[in-house]
Amino acid sequence: MKIAIIGSGAREHSIYEKLSRHIDPKQIFALPGNGGILNSVSIDITYPEEVKKYCLRNRIGMVIVGPEEPLVNGMADVFAETSIMVIGPTKNSAQLESSKSFAKRFMKELGIPTPDYREFTLLEDAMPQINALNGNLVLKYDGLAGGKGVYVCSSVEDVEEAYAELKKRYGEEFTFLIEKRLKGEELSLIGVTDGDTIKLFPPCKDYKKLNDGDSGPNTGGMGAYLPLKISDDVMKQIESDIVVPTMRGIKEKGLGYKGFLYFGIIITEKGPRLLEYNVRLGDPETQVLLSSMKTNLLTLLESCFNGTLKEQNVEFEDKYTTALVIASGGYPFAFRTGFEITGLNQISDDVAILHSGTQKKGKNQLLTTSGRVFTLVAKGETLEESRQKVYQAAKKIHFKKITYRKDIGGIN
Ligand code: GLY
């Protein structure tokens, strides 16, 4: 069966590499892919109908959607009348990620523990709430913002600054949420579901902030590792209070969900709280998860369509895995691209080089094309061993303005 992976990041490269372990890589296509994926097909994925035409013309049997935008644009919906299996929810279900207020109402209706929130369209209406919390809150833009719509604030000034940034992007009136800020350790929990059963993967640590010590602006993610040690009691609580009611809601509301579901969770003194859903695999969480997944990913995904997901055993290697994101200086704001990349051939075989912002030029050149350029992934018997491997590899890569965090997998 031919497979099309939608997207161009290291997450999609990781899906490609994982599938290639079990099937002929010539059967796997990435739309539009990147400089590291063999069969990258230049196609504008903002138009789902174009993607559908390509898939029908090329007898694709399964479409795996990586990023959220195509799902929110109805990528899964356009395939509804075809026999092609699509991994990813419909536009309606994708609101769990594309609308923070939709997701919050869903959580509240199902009794899922989540921080209290209120919804506003004007800052002046929100001021009493902001003052009451002394600015100690989380400001969330209601729509998709490519990882740049959430501001964790510590003062009223922080909130005003964050609001001003959003106003520059979205104009005078837009919906935003003010959410109580909670303290605790955050984790990413991802699973695959057929809309009835969900199979959870091990929880991962994701580093969202740009700089060491978790400072600076939010990004799409600068690194990750697994396994994150969570006690059995907390894990049981996450399952009973968050995962089970979510699946009940998906069924009761007829969301007909087939694909990956991501729970952004914080462990507070009072127990786990759900911060957000993503309707896809996380990036860079995927890079650590799929590197250490033992189960055949294609069989697992097919089981979402043939009713056998319940019987599937999803297994992972008993190792530590670290992912380090190599980025362009200036990311997540303005940055320059088109810089030549060298040194990849110096990296040892036990480190996976997953491309996200690269493009081939001529026979031998590789250029930077975006903010996140690579994810380096390595495994080890200890977390320290896996992080040492990715940091040794990072030193060998060169391009102008290269940047990466120095504390991924370390003790913060
Ligand atoms: N790493 C966070 C995300 O994929 O949204």
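What comes next is a walk through the structure. Remember, predicted model here, so these are calculated numbers, not experimental data.

Attention now goes to the packing of aromatic side chains. Using the criterion set out here, one finds 14 aromatic pairs in the structure. Here the aromatic rings of tyrosine 391 and tyrosine 404 are separated by 6.2 Å at their centres, their planes lie at 45°, and the arrangement is tilted. With tyrosine 391 in helix H12 (residues 383-394) and tyrosine 404 in the segment after strand E20 (402-403), this residue pair connects regions lying 13 residues apart in the sequence. Each member of the aromatic cluster is reached from another via a ring pair, and the members are Phe120, Tyr141, Tyr163, Tyr170, Phe174 and Phe176. Looking at lysine 205, its charged tip hangs above the ring of tyrosine 207, at a distance of 5.0 Å from the centre. Over the face of the ring belonging to tyrosine 404 we find lysine 406, whose NZ or CZ atom lies 4.4 Å from the ring centre.

A few words on the site of the ligand. Taken together, Asp206, Gly220, Tyr262, Asn278, Arg280, Gly282, Asp283, Pro284 and Glu285 are the residues near the ligand. Contacts to the ligand include aspartate 206, whose side-chain N or O atom sits 3.0 Å from a nitrogen atom. Between glycine 220 and the ligand, the recorded distance is 3.2 Å, taken from a backbone N or O atom to a nitrogen atom.

The peptide bond linking leucine 226 to proline 227 adopts the cis configuration, its omega dihedral lying at 0°. Between aspartate 283 and proline 284 the backbone carries a cis peptide bond, its omega angle lying at 20°. A positive phi angle, near 55°, is found at aspartate 214, a position not held by glycine. Counting through the fold element by element, aspartate 214 comes out in the loop between strand E11 (205-211) and strand E12 (215-226). Judged by relative accessible area, which is 33%, aspartate 214 ranks as partly exposed. Although it is not a glycine, lysine 401 adopts a positive phi angle of roughly 70°.

All right, on to the packing of helix H7 (residues 123-132) against helix H8 (residues 156-170) then. In the contact formed by H7 and H8, the axes pass within 11 Å of each other and the chain directions differ by 155°. Accordingly, the angle class assigned to the pair H7 and H8 is roughly antiparallel. The chirality of how H7 crosses H8 is right-handed. Contacts between H7 and H8 pair Leu123, Met127, Ile130 and Asn131 from the former with Val156, Val159, Glu160 and Tyr163 from the latter. Among the residues forming the contact of H7 with H8, the class breakdown is six nonpolar, one polar and one charged.

One pass over the structure, following the stated rule, counts 22 salt bridges. We note a salt bridge from arginine 105 to glutamate 119, for which the minimum N-O separation is 3.7 Å. In this pair, arginine 105 sits in helix H6 (residues 100-109) while glutamate 119 sits in strand E5 (residues 117-120), placing the two residues 14 residues apart along the sequence. In the salt-bridge network here, residues are joined through shared partners; they are Glu68, Glu97 and Arg280.

We now examine the environment of proline 32. In this fold, proline 32 is placed in strand E2 (residues 28-32). Note on proline 32: relative accessible area 28%, which makes it partly exposed. Spatially, the C-alpha atoms of proline 32 and glycine 9 are 9.6 Å apart, while their sequence positions differ by 23 residues. If we skip the residues at most four places from it in the chain, proline 32 touches Gly7, Ser8, Ser40, Val41, Ser42, Ile43 and Ile45.

The grouping of Glu157, Asp158, Glu160 and Glu161 at the surface amounts to a negative patch. As for its position among the elements, aspartate 158 is in helix H8. Relative accessible area serves as the criterion here: at 30%, aspartate 158 is assigned to the partly exposed category.

The rules behind these values
- Residues numbered from 1 in each chain as written.
- Predicted model: local features only at pLDDT ≥ 70, side-chain atom pairs only at ≥ 80, totals over all residues.
- Heavy atoms only, no water.
- Phe/Tyr/Trp six-rings, centres within 6.5 Å; stacked < 30°, edge-to-face > 60°.
- Helix = DSSP H or I, 4+ residues; strand = E, 2+ residues; numbered from the N terminus.
- Lys NZ or Arg CZ within 6 Å of the ring centre and 35° of its normal.
- Near = heavy atom within 4 Å.
- Polar contact = N/O pair within 3.5 Å; in protein donor to acceptor, adjacent residues only side chain to side chain.
- Buried < 20%, exposed > 50% of the residue type's maximum accessible area, 1.4 Å probe, protein only.
- Axes fitted to C-alpha atoms, helices over the stretch in contact; angles between N-to-C directions.
- Parallel < 35°, antiparallel > 145°, perpendicular 65-115°, else oblique.
- Left-handed = near helix turned anticlockwise from the far one by under 90°.
- Contact = heavy atoms within 4.5 Å.
- Nonpolar A, V, L, I, M, F, W, Y, C, P; charged D, E, K, R; others polar.
- Salt bridge = Lys/Arg side-chain N within 4 Å of Asp/Glu carboxyl O.
- Patch = residues over 30% accessible without salt bridge, like charges linked within 9 Å, V, L, I, M, F, W, Y side chains within 5 Å.
- Areas by Shrake-Rupley, 256 points an atom, 1.4 Å probe, with all protein chains shown as cover.
- Lys, Arg positive; Asp, Glu negative; His and termini not counted.
- Charge placed at Lys NZ, Arg CZ, Asp CG, Glu CD.

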